[in-house]
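Close look at the chain arrangement
Listed below, chain by chain, are the residues.
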Amino acid sequence: MTDFTATRARFRLPPNTIYLDGNSLGPLPRGAEAASRKVLFAEWGEMVITGWNRAGWMALPELLGDRIAGLIGAEAGHVMVGDTLSIRLFQALAAASAMTDRTVILTDRGNFPSDLYVAQGLVDHLKGGKELRIVDPEEIEANLTDKVGVLMLTEVDYRTGRLHDMAALTAKAHALGIVTVWDLAHSAGAIEVDLAGARADFAVGCTYKYLNGGPGSPAFIYVAPRHADSAETILNGWLGHAQPFAFEETYRPGPGISRMRVGTPAILQMRILEAALDAWDGVSMADVRAKSIALSDRFIAGVEAACPALTLASPRDPKQRGSQVSFRFAEGYAAMQALIARGVIGDFRAPDIMRFGFTPLYIGEAEVDAAVAHIAAVIDKGEYQKPEFQARQRVT
């Protein structure tokens, strides 16, 4: 049984703050400061370039990948950490597209826009060789046909929290000869994921949300074992070469997941991510999921009872919802700014979504109840109408 009192102590949470935005950026793990000092002074400062060997820097992408694999139901040795989520998605989507002669890449409007941008960029680059087809989330299954080559989905909708059934959709896709690419940005560390059990082909994700790796922390990519030694690399980076320090002029991809390396590992970020993953020691994802459902159900009931002006945008059935709850409100941006001023931090997604994330590692029932009371006060008292809450900031 996971001790969530103990996990809460593993984070440095701002005082007088109810943090419900871990679905956008996780809070600071307490181990990050010591990890930062170690990599800066004991490793970089003392070892300089010899740290690549002496401190084991070069092995970090695979080592961290294996730790993340345990949180997403992936086989050991098939997750690689590094670079950004957009780069990782491009790699996975391009490799998946190269595995089929079919022209259609199927996705939905619940995908984060940058996923769509990456897909459109690939389609445009192929100059008529592929077509990006975007449908409503509810229409994905009906659009799986033998014309589709790749199914690219974000498992949890970033706006509403709507949850796709990965196992069912992957099974139907495979029955039709379709290759699957899953974005786990709002899944990893939030819900139970079983990539191996679902037989997903490729998956990608970020580490700065529920995994708490810090702003801009590196992304990860998963390649199923059956594809690991044959997936086309597309972005032929130096460190993905079979023998990087042979300095050959011709690219030869490395074995397995190592071929998905691209650029030099961001060691400072990876050491912080390593410390962040320590916060998951002794944590059961089944316990996390059960507690998340309990907290989000409690939140929905409380907000609906106290704030009839807000409309639930997330699925009511927790089995169809990730670890976030979204409400629609015409003045949602201003209302969220008023909440933040009160110390309740969520975020806003255009045009009218107020979004709240539930991370049991550091959020409990007391925070949920207090947040509901603050939301009711902001709405009932019209605090959101104040001029200072109306001005749009660059990041919402």
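Rules behind the numbers
- Residues numbered from 1 in each chain as written.
- Predicted model: local features only at pLDDT ≥ 70, side-chain atom pairs only at ≥ 80, totals over all residues.
- Heavy atoms only, no water.
- Helix = DSSP H or I, 4+ residues; strand = E, 2+ residues; numbered from the N terminus.
- Buried < 20%, exposed > 50% of the residue type's maximum accessible area, 1.4 Å probe, protein only.
- Contact = heavy atoms within 4.5 Å.
- Areas by Shrake-Rupley, 256 points an atom, 1.4 Å probe, with all protein chains shown as cover.
- Lys, Arg positive; Asp, Glu negative; His and termini not counted.
- Charge placed at Lys NZ, Arg CZ, Asp CG, Glu CD.
- Patch = residues over 30% accessible without salt bridge, like charges linked within 9 Å, V, L, I, M, F, W, Y side chains within 5 Å.
- Salt bridge = Lys/Arg side-chain N within 4 Å of Asp/Glu carboxyl O.
- Bend = angle between axes of the 7 residues up to and from the residue.
- Pairing = 2+ DSSP bridges.
- Axes fitted to C-alpha atoms, helices over the stretch in contact; angles between N-to-C directions.

A short note on the overall build of the protein chain
Looking only at helices and strands, the protein chain has 12 helices and 15 strands in total. Counting only C-alpha atoms and orienting by the principal axes, one finds that the protein chain spans roughly 70 × 55 × 45 Å. Split into buried and exposed, the 396 residues of the protein chain put 55% on the buried side. Counting contacts in the protein chain only where the partners sit at least 6 residues apart, residues at least 24 apart contribute 72% of the total. For the protein chain, the exposed area adds up to about 16,800 Å²; of that, 54% sits on carbon and sulfur atoms. Between the centroid of the 39 positive side chains of the protein chain and the centroid of its 46 negative side chains there is a distance of 2 Å.

A short note on a nonpolar patch on the surface
Residues Leu-40, Phe-41, Trp-44, Val-48, Ile-49 and Leu-268 make up a contiguous nonpolar surface patch of roughly 610 Å² in combined accessible area. On the secondary structure map, Ile-49 appears in the loop between helix H2 (31–47) and helix H3 (51–54).

Points about H2
The largest bend in H2 is about 30°, located at Lys-38. Three or more residues of H2 are buried, namely Ala-32, Ala-35, Ser-36, Val-39, Glu-43 and Met-47. On its buried face, H2 sits against strand S3 (28–29), H3 and helix H9 (267–278). Looking one or two residues beyond H2, the residue adopting positive phi is Val-48, at roughly 40°.

Structural notes on the environment of Ala-173
Relative to the elements of secondary structure, Ala-173 occurs in helix H7 (residues 166–175). Distance in space between the C-alpha atoms of Ala-173 and Leu-144 is 6.6 Å, their sequence separation being 29 residues. Ala-173 has contacts with Leu-144, Leu-151, Ile-178 and Thr-180, leaving out every residue within four places of it along the chain.

A closer look at the sheet that holds strand S10 (residues 220–223)
Spatial strand order, S4-S10-S9-S8-S7-S5-S6: 7 strands in an open sheet with mixed pairing. The sheet terminates laterally at strand S4 (79–81) and strand S6 (131–135), the two strands that pair on one side only. Neighbour-to-neighbour, the strand axes of this sheet turn through a mean angle of 20°, independent of strand direction. The sheet contact formed by strand S5 (residues 104–108) and S6 spans 5 bridges and is parallel. Note that in S6 the partner of Leu-106 across the bridge is Arg-133. Each of S4, S5, strand S7 (148–154), strand S8 (179–183), strand S9 (202–205) and S10 touches helix H5 (residues 85–97); the most contacted strand, S9, lies at about 170° to it. The strands touched by H7 within the sheet are S7 and S8, with S8 carrying the most contacts at an inclination of about 155°.

Such coordinate-based values are descriptive only and should not be taken to indicate function.
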